[in-house]
Every structure is written in structure tokens, then in C-alpha cells.
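# Examination of the molecular architecture
For reference, the chains in residue letters:
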Amino acid sequence: MRIEENTKYDFDDVLIKPKRSTLTSRKDVVLHRTFKFKHSKAQIDVVPIIAANMDSVGNYGTYKVLSKYHMLTCFSKFKPLQGISSNPEDYFYGIPSFGINDSITLGPAWAICLDVANGYTEKFIDKVKDTRAEFPKITIIAGNVCTHEMTQALILAGADIVKVGIGPGSNCLTREKTGVGYPQLSAIIECAEAAHALDAHIIGDGGCNTPGDVAKAFAAGADFVMLGGMLGGHEENSDFDDENNAIVYGMSSTLAMKNNYGKVSEYKTSEGRITKVKNKGSLNNTVQDILGGLRSTCTYAGASELKHLSKCTSFIKVNNILNRTYERETIGE
Ligand code: 5GP
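Overview of the structure. Computed from a prediction, not measured in an experiment: that's the story for all the values here.

Reading the values: the criteria
Along each chain, the written sequence defines residue order, and numbers are assigned to residues from 1. Per-residue local features are limited, in this predicted model, to residues with pLDDT of at least 70; the limit for side-chain atom pairs, both in listing and counting, is 80 or more; totals at the level of whole chains, interfaces and linings are taken over all residues. The side-chain values count all of the structure's non-hydrogen atoms but skip hydrogen atoms and water molecules. Nonpolar cores are built from buried Ala, Val, Leu, Ile, Met, Phe, Trp, Tyr and Cys residues. Side-chain atoms within 4.5 Å join them into one set. Think of it in three bands: residues with accessible area under 20% of the maximum for their type are buried, residues over 50% are exposed, and the middle band is partly exposed, with areas taken using a 1.4 Å probe on protein chains only. Residue contacts follow a heavy-atom distance rule, with two residues in contact if any of their heavy atoms lie within 4.5 Å. The way it works is that DSSP assigns letters per residue, a run of H or I at least four long becomes a helix, a run of E at least two long becomes a strand, and they are numbered from the N terminus. A pair of strands is treated as paired once DSSP finds two or more bridges between them. The axes used here are C-alpha line fits, helices contributing only the stretch in contact, and every angle between their N-to-C directions lies in the interval 0 to 180 degrees. Each patch is assembled from residues with relative accessible area greater than 30% and no salt bridge, linking like charges that lie within 9 Å and nonpolar side chains (Val, Leu, Ile, Met, Phe, Trp, Tyr) that lie within 5 Å. Where accessible areas are quoted, they stem from the Shrake-Rupley method and a 1.4 Å probe; at the residue level, only the protein chains shown are allowed to cover. By salt bridge we mean one thing: a side-chain nitrogen of Lys or Arg within 4 Å of a carboxyl oxygen of Asp or Glu. A positive count includes Lys and Arg, and a negative count includes Asp and Glu. His and the chain ends are not counted in either. For charged residues, the charge sits on one atom: NZ in Lys, CZ in Arg, CG in Asp, CD in Glu.

## Regarding the nonpolar core
Core analysis: the largest hydrophobic core is formed by 91 residues, its most contacted members being Ile49, Ile202, Val214, Phe224, Leu227, Leu291 and Leu294. Discounting residues that sit within four places of it in the chain, Leu227 has contacts with Ile49, Ile50, Ala51, Ala52, Val57, Cys208, Val214 and Ile290.

## What about the pairing of strand β2 (residues 33-36)?
With burial as the criterion, only one face of β2 is covered, namely that bearing Arg33 and Phe35; the residues Thr34 and Lys36 on the opposite face remain uncovered. Alignment of β2 against strand β3 (residues 43-46), held across four bridges, turns out to be antiparallel. By the bridge assignment, Lys36 is partnered in β3 with Gln43. Hairpin remark: β2 followed by β3, antiparallel, with six residues in the connecting loop; positive phi at Lys41, about 65°.

## Some remarks on the sheet that holds strand β16 (residues 328-332)
Strand order across the open sheet formed by three strands is β13-β14-β16, with antiparallel pairing between neighbours. At either margin of the open sheet sits one strand with a lone partner, and together these are β13 (245-249) and β16. Ignoring strand direction, the axes of neighbouring strands in this sheet form an average angle of 35°. In this structure, β13 lies alongside strand β14 (residues 274-278), joined through five bridges in antiparallel fashion. Its bridge partner being in β14, Ile247 is matched across the sheet by Lys276. Where helix α7 (residues 254-261) meets the sheet, it contacts β13 and β14, and its direction lies at approximately 85° from that of β13.

## Looking at a negative patch on the surface
Together, Glu122, Asp126, Asp130 and Glu134 line one region of the surface with negative charge. With respect to the helices, strands and loops of the structure, Asp130 is situated in helix α2 (residues 122-134). Look at Asp130 and you get exposed, because its relative accessible area is 53%.

## Quick word on the sheet that holds strand β11 (residues 201-205)
Across the sheet, which stays open at both edges, the nine strands sit in the order β6-β5-β4-β12-β11-β10-β9-β8-β7 with parallel pairing between neighbours. Looking along the sheet, the strands with just one partner apiece sit at the ends: β6 (94-95) and β7 (97-98). Sheet analysis places strand β8 (residues 111-115) next to strand β9 (residues 139-145), joined by five bridges and oriented parallel. Bridging from a neighbouring strand, Asp115 pairs with Gly143 of β9. Along the sheet face, helix α1 (residues 60-68) touches β4 (49-51), β5 (72-74) and β6 and points at about 160° away from the line of β5. Strand contacts of helix α6 (residues 211-219): β4 and β12 (224-227), with the helix running at about 145° to β12, the strand carrying the most contacts.

By themselves these figures say nothing about function.
The structure is reproduced here in C-alpha cells:
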């Protein structure tokens, strides 16, 4: 047994230091970014925020709103793409996801997400290798991991984008149930460095509860940020009960297992929360709040484009100053 002495940080442990800047207005900040991916060679221009492939988030309602802002939606593999046309242009902002045992059908997609709770298994590396061999031109997102060596292993196996985050999710119970995890800000910093050294990209996935957290994830080096809980519970993507509450659940919660597999296997423990969320109103407002926050962060940090935010950022370490209250109530797991 060994303890690593270096402190690792979460979003709450830091703030971004304001800097002198020549920017005159927030509206001049460019949030769009052009990407060219390592293996697929695909080139895209998007606002690099992605809705998580959770049942309550990665659905068609979310897609319709986010695509207007040129943001991506990773579809839950359990939510068929009703309503979406098979025209590749219409499909551009939607990404299908697959598990380790799923066979892959591409349809009109330019990218796919290979998603497992634990990206550290040999079998997952093999899945990425096989998928790359079968589909040389598809952009592969693979995860989740939280350390540099596994980020590089997935990229060398054929992933273009590695999804980073073990345990930070708002509906995640992995830290509580298993004791496993990695503080998300440090995971992003370390995995981004590892991926960028190989000309590949990362998604910071999980743990963002405010627009400020989204900004910190980009400032830490995330090329994309994936959001679950922040986007859930809106009029466009949820059903509400008589008291105007929606249920948002983690994909390893008992509710997800029952809804999607009809049962909870005896050998599994739930590693996901079920939460009750008050109707948050229009998703458009939340998206605009996030994008407005990002523009403002870039102005404070002196970054004319979101893509420059990371190199413009100095984080300062703080005592945990944010005393947060969340608009969700855990009602199960
Ligand atoms: P959030 O933005 O809500 O903080 O985090 C979203 C991420 O949490 C998802 O993209 C996924 O990686 C992770 N996640 C979703 N459901 C579960 C779950 O049931 N258990 C765990 N461990 N992680 C989850």
C-alpha cells in the first residue's frame, strides 16, 4: 500500500485569478472551437459542451435545444432517437453511445461514445481497438478514466477523445460505495496534458454544478465539458409530477437498472443516486446562463476565445469558500 502525498483538487478548491485584459466586451468572446481529431481526421466546429448520455438528460428534448446553440448531445443508449431524421446534417449534434458488450451500428453518426463506468479493464481497451479497426473514419469517444497513463492507453488503442471523470457526477455514488475516485479538477489537468501530448482531446465529464465549474473545467484544459445534472429537470427534457418535480437518476442507480434491464442483478450495488428536482423551467435559460458565464470568465482571464482560456488561467488555491445548496433532493439510489 502507498499513499500519494500530492494534493489533488476539485472545482471547489480553486478560483480563477482575474488578469488585466484588452478585451472590451463579453460579446466578442468566441466560444466556438474548431477541432481536428487524431485518428478519424474529422473536422468540426462546435461550442464544446456535451449533454451526458443519461436517460434523463441525453434525450431528444435536450438535443433540440442544444443543437440550436451548436452544442452536442450524447444520447442515452436506452433512448431511441425518435424524431431525429437520418440526414447526417440533422444528426450532426447527436452522438450515439454504446456499452462494452454492444455491437455498433453507425447510422448517420460521425462520432460514437464508448462508455463504461470503469475504463480501466483490458477488455475495454480491446473494444476500442476493435472499433477503431472496424471503423477507421469514425470519431471515437472512450471512457471513463481519470489518470494520464490510461488516457494515453485509450488514445493509442484508437480513441480520439477520452472521457475523464471517475466519481464526480452529481448522481454518482461511486466514491461512497467503493471509496474509488479522483478529484475532478486534477483529473482534467493531468489527463488533458497526457492527451494533448499525443494530439488528442479530452472531455471533462461530471462534477459541474454551476457555470463557474464549467469555466474551471475548460480552464483546467478540458477540450469539451460534459454535463448531466445541470441540464436535467427542464421543461424540454423531463416529465413532471403533480408537484412539478422531475426524477433525474444516475445510470447505475436501481431505477436505471430496473427501467433499462428490468431488474437489479444480485452481484451489483447501486452506484447512482435518484434525485427529485423542481422544474427548472426552460433549458434555453440554463444554456444561456452557462454560455454567459463562460464569456465572462474569458473576459476576466483575458482570453479572447474559449480555446485560449486554459493557457490564460492561473488558479488560486482557496479554502472551501462556496457553501453550496443544491436544487435537488436525493430520494433513492
Ligand atoms: P454531472 O454533470 O451530473 O455531475 O455528471 C454527469 C456524469 O456522471 C455522466 O456523464 C456520467 O459519467 C456520470 N454518471 C451518470 N450516472 C451515474 C451513476 O449512476 N453512477 C456513476 N458512478 N456515475 C454516473
